[in-house]
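This is what each chain is made of:
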Amino acid sequence: MATTQHTLSIAFIGGGNMAAALAAGLAGRLCPASAIHVLEINESAHDPWLAKGMTVSARPDDALAGRKVWVYAVKPQQLQEAVAATRAWLDDDTLVLSVAAGIRSDTLAAWLGTPDAPWQRLVRCMPNTPALVGAGATGLAALPGATAQDRDLAQSILGSVGLTVWVADDAALDAVTALSGSGPAYVFLFLESLIQGAQALGLDARQARQLALATLDGATQLAAESTESPAVLRERVTSKGGTTAAALAVFAQAQLPQTVAHAMAAAAQRGRELGDEFGGAAGSAAKEGSQAGRK
Ligand SMILES: NC(=O)C1=CN([C@@H]2O[C@H](COP(=O)(O)OP(=O)(O)OC[C@H]3O[C@@H](n4cnc5c(N)ncnc54)[C@H](O)[C@@H]3O)[C@@H](O)[C@H]2O)C=CC1
Ligand SMILES: O=C(O)[C@@H]1CCC=N1
């Protein structure tokens with residue numbers, strides 16, 4: 001596979017939180033930092049990229065040309081404009097990845113291509129911010145026109161920053177978004193709650209943070225390495241009439257499992273809404289752009 005440190009060059013369009021997590025995870029793993037170019041319209045955000053040895057522009061320019069992979073990492077609401085501004089630099093060999101929540105592959109393909117020939121070499125990805133430390137989890141779905149090599153390349157890029165799972169379609173990616181895309185925020189909220197709870201019980205902030213982090217880490221490691229279900233592992237902690245039972249009774253009363261399911265359904269629904277909001281405009285936007293934007 002042609003994904004060596006020497007041949008792979010990547011452009012990020014949008015240099016915010018997710019691009020920073022992916023680029024930091026990729027640099028030195030799959031390509032040198034100098035092979036990563038970032039197009040970020042906010043110039044005040046350029047210094048951290050330059051400090052990492054990556055190149056950066058505030059406007060689309062020839063630094064985009066000839067890059068093997070482009071990763072669109074702007075907000076869903078910014079994606080159509082970002083595509084319109086950059087597509088002139090696309091060439092037929094470019095593999096396009098999008099990490100934008102909700103925006104469907106067909107919609108983006110129409111924005112990138114023409115009404116008669118939507119872009120084919122497209123893999124939609126839903127990564128998460130633990131990619132920053134090489135512990136990401138990404139769902140991927142390719143358009144049927146993406147080649148086996150495109151899929152391999154997307155796999156190597158996202159695989160270099162953590163776990164990858166291929167899913168069938170956009171609907172499944174909305175589910176991935178609700179689980180692993182947004183999931184780190186759920187875990188951080190639980191972590192914050194554990195730390196606050198421990199401090200309310202008299203531990204100092206440092207003790208609370210250390211013990212809370214080690215507990216989450218230890219429990220997830222145990223669950224990953226065990227052949228037993230999380231439910232069985234939970235029962236092992238829970239002595240009849242003991243402390244854990246007292247705590248779990250409070251969680252049950254607050255309907256924690258139902259609340260988590262409800263929250264995830266809201267995230268998936270938001271993904272579908274974003275898809276609907278922008279999907280309807282795909283054809284007309286592509287028609288307006290037609291070939292004019294392409295070199
Ligand atoms: N933050 C997260 O945990 C995750 C985010 N995502 C997706 O990643 C995408 C980016 O999210 P974040 O990084 O959190 O947002 P962000 O707001 O931190 O980053 C977006 C960046 O794009 C820049 N930008 C906007 N329009 C531009 C244009 N036309 N050309 C170049 N740069 C432009 C903005 O100045 C900003 O720095 C979103 O679509 C989101 O759905 C996906 C998975 C996880
Ligand atoms: O909150 C969001 O919309 C993005 C997508 C998944 C995580 N962050």
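Quick caveat: nothing in here was measured; it's all calculated off a predicted structure.

1. Points about the overall build of the protein chain
Along its length, the protein chain carries 12 helices and eight strands. Structurally, the protein chain occupies a C-alpha span of about 70 × 40 × 35 Å along its principal axes. When each of the 295 residues of the protein chain is scored for burial, the buried share is 36%. Within the protein chain, residue pairs in contact and separated by at least 24 positions form 71% of the contacts whose partners lie at least 6 positions apart.

2. Section: the site of ligand 1
The immediate surroundings of ligand 1 are formed by 28 residues, with Gly14, Gly16, Met18, Ala100 and Ala101 found nearest. Put simply, the parts of the chain that give the shell around ligand 1 at least two residues each are α1 (17–26) and α3 (76–86). Looking at the shell around ligand 1, the element that brings in the most residues is α3, giving five residues. Of the residues belonging to the shell around ligand 1, the class tally is 16 nonpolar, nine polar and three charged.

3. Digging into the domain arrangement of the protein chain
Taken domain by domain, the protein chain comprises domain 1 (10–176) and domain 2 (183–254). Taken over C-alpha atoms, the centre of domain 1 sits 35 Å from the centre of domain 2.

4. A look at the pairing of strand β7 (residues 136–142)
Most of β7 sits out of view: seven of its seven residues are buried. What you see with β7 is no split at all: Gly136, Thr138, Leu140 and Ala142 on one side and Ala137, Gly139 and Ala141 on the other are buried throughout. Looking at chain direction, strand β6 (residues 122–126) and β7 are connected through four bridges and run antiparallel. Following the sheet pairing, Met126 is matched in β7 by Gly139. As judged from the five bridges shared by β7 and strand β8 (residues 162–166), these two strands associate in the parallel manner.

5. Brief notes about the sheet that holds β7
Taken in spatial order, the eight strands of this open sheet run β3-β2-β1-β4-β5-β6-β7-β8, and their pairing is mixed. The open sheet terminates on both sides in strands that have one partner only, identified here as β3 (55–57) and β8. Ignoring which end each strand starts from, the neighbouring axes of this sheet average 25 degrees apart. Along the sheet, helix α4 (residues 105–112) makes contact with β5 (95–98), β6 and β7, crossing β6 at roughly 135 degrees.

6. Here's the deal with the nonpolar core
One finds Phe12, Val71 and Tyr72 to be the most contacted residues of the largest nonpolar core, which totals 65 residues. Sort the elements by how many residues they give to this core and α1 lands first, with eight residues. Not counting residues within four places of it along the chain, the set of residues in contact with Tyr72 comprises Ile13, Gly14, Leu79, Ala82, Val96, Ser98, Val99 and Ala100.

7. Brief notes about the UniProt feature "domain: Pyrroline-5-carboxylate reductase dimerisation" (unreviewed entry) in the protein chain
Residues given the UniProt feature "domain: Pyrroline-5-carboxylate reductase dimerisation" (unreviewed entry) here are residues 172–274. In residues 172–274, the share of helix is 84% and the share of strand is 0%. The end C-alpha atoms are 15 Å apart.

8. Things to note about the UniProt feature "domain: Pyrroline-5-carboxylate reductase catalytic N-terminal" (unreviewed entry) in the protein chain
According to UniProt, the "domain: Pyrroline-5-carboxylate reductase catalytic N-terminal" (unreviewed entry) feature falls on residues 10–102. The span residues 10–102 shows a helical share of 28% and a strand share of 20%, and its end C-alpha atoms are spaced 23 Å apart.

9. Observations regarding helix α7 (residues 183–200)
End to end, α7 covers 26 Å across 18 residues, agreeing with the expected 26 Å (1.5 Å per residue, within 8%). Downstream of α7 by a residue or two, Gly202 has a phi angle that is positive, lying close to 110 degrees.

10. Description of the site of ligand 2
In the vicinity of ligand 2, the residues found are Ala101, Thr177, Gly181 and Ser182. Across the shell around ligand 2, the residue classes tally to one nonpolar, three polar and no charged.

11. A closer look at unusual backbone geometry
A positive phi angle, near 55 degrees, is found at Gln255, a position not held by glycine. Counting through the fold element by element, Gln255 comes out in the loop between α10 (243–253) and α11 (256–279). Residue classification places Gln255 among the exposed residues on the basis of 11 C-beta atoms within 10 Å.

12. Overview of the pairing of strand β4 (residues 69–72)
Because side chains alternate across β4, one face comprises the buried residues Val69 and Val71, and the other comprises Trp70 and Tyr72, equally buried. The sheet contact formed by strand β1 (residues 10–13) and β4 spans four bridges and is parallel. Across the sheet, the residue bridging to Phe12 is Val71, located in β4. In terms of strand pairing, β4 meets β5 through four bridges, oriented parallel. Bridge pairing in β5 links Val69 to Leu95. On the question of chirality, the crossover connecting β4 to the parallel β5 by way of α3 is right-handed.

Rules and cut-offs
- Residues numbered from 1 in each chain as written.
- Chains lettered and ligands numbered in written order.
- Predicted model: local features only at pLDDT ≥ 70, side-chain atom pairs only at ≥ 80, totals over all residues.
- Helix = DSSP H or I, 4+ residues; strand = E, 2+ residues; numbered from the N terminus.
- Buried ≥ 20, exposed ≤ 12 C-beta atoms within 10 Å, placed from the backbone.
- Contact = placed C-beta atoms within 7 Å.
- Near = placed C-beta within 6 Å.
- Nonpolar A, V, L, I, M, F, W, Y, C, P; charged D, E, K, R; others polar.
- Domains from an automatic or database assignment.
- Pairing = 2+ DSSP bridges.
- Axes fitted to C-alpha atoms, helices over the stretch in contact; angles between N-to-C directions.
- Core = buried A, V, L, I, M, F, W, Y, C linked by C-beta atoms within 7 Å.
- UniProt positions renumbered as here; feature names shortened; annotations may be inferred.
- Expected span 1.5 Å × (residues − 1).
- Right-handed = clockwise from strand over helix to strand, strands pointing away.

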